[in-house]
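Listed below are the residues making up each chain.
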Amino acid sequence: MPKENIDIRAVLFDMDGTLINTEILYVEAVTQAFSEKDCEISQEEIIKLVYGVSWPDIYKATNQRFPGAFPTMESLGIAVRRHFVALRDKMDIRIHSSIDLLKQLSSDYSVAIVSGAPRFEIEEGIEMMGVASHLDFFLGAEDYHPGKPDPTCYLAASEKMNCKPENCIVFEDSHVGVLAAKQAGMHCVGLLRKNVHMQDLSHADLVLDDLADFDMQKFTSNHRLH
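What counts, and at which threshold
- Residues numbered from 1 in each chain as written.
- Predicted model: local features only at pLDDT ≥ 70, side-chain atom pairs only at ≥ 80, totals over all residues.
- Heavy atoms only, no water.
- Buried < 20%, exposed > 50% of the residue type's maximum accessible area, 1.4 Å probe, protein only.
- Helix = DSSP H or I, 4+ residues; strand = E, 2+ residues; numbered from the N terminus.
- Contact = heavy atoms within 4.5 Å.
- Phe/Tyr/Trp six-rings, centres within 6.5 Å; stacked < 30°, edge-to-face > 60°.
- Lys NZ or Arg CZ within 6 Å of the ring centre and 35° of its normal.
- Core = buried A, V, L, I, M, F, W, Y, C linked by side-chain atoms within 4.5 Å.
- Polar contact = N/O pair within 3.5 Å; in protein donor to acceptor, adjacent residues only side chain to side chain.
- Salt bridge = Lys/Arg side-chain N within 4 Å of Asp/Glu carboxyl O.
- Axes fitted to C-alpha atoms, helices over the stretch in contact; angles between N-to-C directions.
- Parallel < 35°, antiparallel > 145°, perpendicular 65-115°, else oblique.
- Left-handed = near helix turned anticlockwise from the far one by under 90°.
- Pairing = 2+ DSSP bridges.

**Structural notes on helix α8 (residues 175-183)**
For α8, the buried fraction is high: seven of the nine residues fall into the buried class. All of the buried residues in α8 are Val176, Gly177, Val178, Leu179, Ala180, Ala181 and Lys182. On its buried face, α8 is in contact with α7 (152-160), β4 (168-172) and β5 (187-191). The positive-phi residue at the C-terminal boundary of α8 is glycine 185, with phi of around 85°.

**Description of the packing of aromatic side chains**
A complete count under the given rule lists six aromatic pairs for this structure. With a centroid separation of 5.3 Å and an interplanar angle of 35°, the aromatic rings of phenylalanine 34 and phenylalanine 66 are classed as tilted. In this pair, phenylalanine 34 is assigned in helix α1 (residues 23-35) and phenylalanine 66 in the loop between α3 (55-65) and α4 (73-88), connecting sequence segments 32 residues apart. By relative accessible area, which is 2% here, phenylalanine 34 ends up buried. A centroid spacing of 5.8 Å and a plane angle of 50° characterise the contact between phenylalanine 214 and phenylalanine 219, whose relative ring orientation is tilted. Side by side, phenylalanine 214 and phenylalanine 219 carry an identical accessibility label, which is buried. Joined through ring pairs, the aromatic side chains of Phe13, Phe171, Phe214 and Phe219 make up one cluster. Lying over the aromatic face of phenylalanine 70, lysine 37 brings its terminal NZ or CZ to 5.2 Å of the ring centre.

**Focus: the nonpolar core**
Membership of the largest hydrophobic core comes to 56 residues, with the highest contact counts inside it found for Phe13, Ile113, Ile169, Phe171 and Phe214. Broken down by element, the residue count for this core peaks at seven residues, all from α1. Those residues in contact with isoleucine 113 that sit more than four places away from it in its chain are Phe13, Met15, Leu19, Leu102, Ile122, Ile126, Met129, Leu135, Phe137, Phe138 and Leu139. One finds Leu12, Leu139, Val178 and Leu192 within the second-largest nonpolar core, a separate group that totals 23 residues.

**Comments concerning the side chain of aspartate 16**
Secondary-structure assignment places aspartate 16 in the loop between β1 (10-13) and α1. In this structure the side chain of aspartate 16 is engaged in a polar contact, spanning 2.5 Å, whose partner is the side chain of threonine 22.

**A few points about the pattern of salt bridges**
For the structure shown, the criterion picks out 13 salt bridges. In this structure, arginine 65 and glutamate 45 form a salt bridge, with 2.5 Å as the shortest nitrogen-oxygen distance. Pair noted here: arginine 65 is in helix α3 and glutamate 45 is in helix α2 (residues 43-50), with a separation of 20 residues, a long-range link. When its relative accessible area of 23% is taken as the criterion, glutamate 45 is described as partly exposed.

**Quick notes on the packing of α1 against α2**
Viewed as axis vectors pointing N to C, α1 and α2 meet at an angle of 120°, and their least axial separation amounts to 9 Å. Overall, the two elements α1 and α2 adopt an arrangement that is oblique. Crossing angle aside, the handedness with which α1 passes α2 is right-handed. Contact residues: α1 offers Glu23, Ile24, Tyr26, Val27, Val30 and Thr31, while α2 offers Gln43, Ile46, Ile47 and Val50.

**Quick notes on the pairing of β1**
Judged by which residues are buried, β1 turns out to be covered on both faces: Ala10 and Leu12 on one side and Val11 and Phe13 on the other are all buried. As judged from the four bridges shared by β1 and strand β2 (residues 110-114), these two strands associate in the parallel manner. By the bridge assignment for β2, phenylalanine 13 is matched with isoleucine 113. In the sheet, β1 pairs with β4 via four bridges, with the strands oriented parallel. In the sheet register, phenylalanine 13 faces β4, and the bridge partner there is phenylalanine 171.

Read these as spatial facts, not as claims about activity.
What follows is the structure, encoded as structure tokens:
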């Protein structure tokens, strides 16, 4: 008896590192912000604190590491933002093949962005990518708690879409993001781009180095939820 294909009805994209190449910029911006406070922290440690992690969780972790360096989340955000914008404005940070896939899939599926970034930064990213008309909605750090790897963000998105988790597919680039998607009971494609910091995406159903290679028909025929 032939196996039935996966029934995908909704597509959820992480943003930072999946659609726009911002996470390495945040690593540098956070490093510079703490360096100004004479707080030295290795790139390896910053990467663990930043990649795929929501902004409130980043602040909580860095405040435990350097108590009082930034007395509020807002004060850290202002410092990091200043360095981030300076870095961002020097380059095109869009991941064009990922953006093309989002636009392509939006013609057949409900599509949303689920990010740990603040909502205003997601709005900036959406404008930069030119994808507003292709999205049903987006969720940011203010919209859910706790952050990834907890599955709350993706469960909230599926509920908002009135779609069962097993009918959703998630595109993620981080270890914690993949864990969040899988713990939510969703299908997950991991993006492990060349020349970026390596992440453990082994829990994903499929790992690609470029989302230009993603084929929905092939995926739904060959993969099963696990």
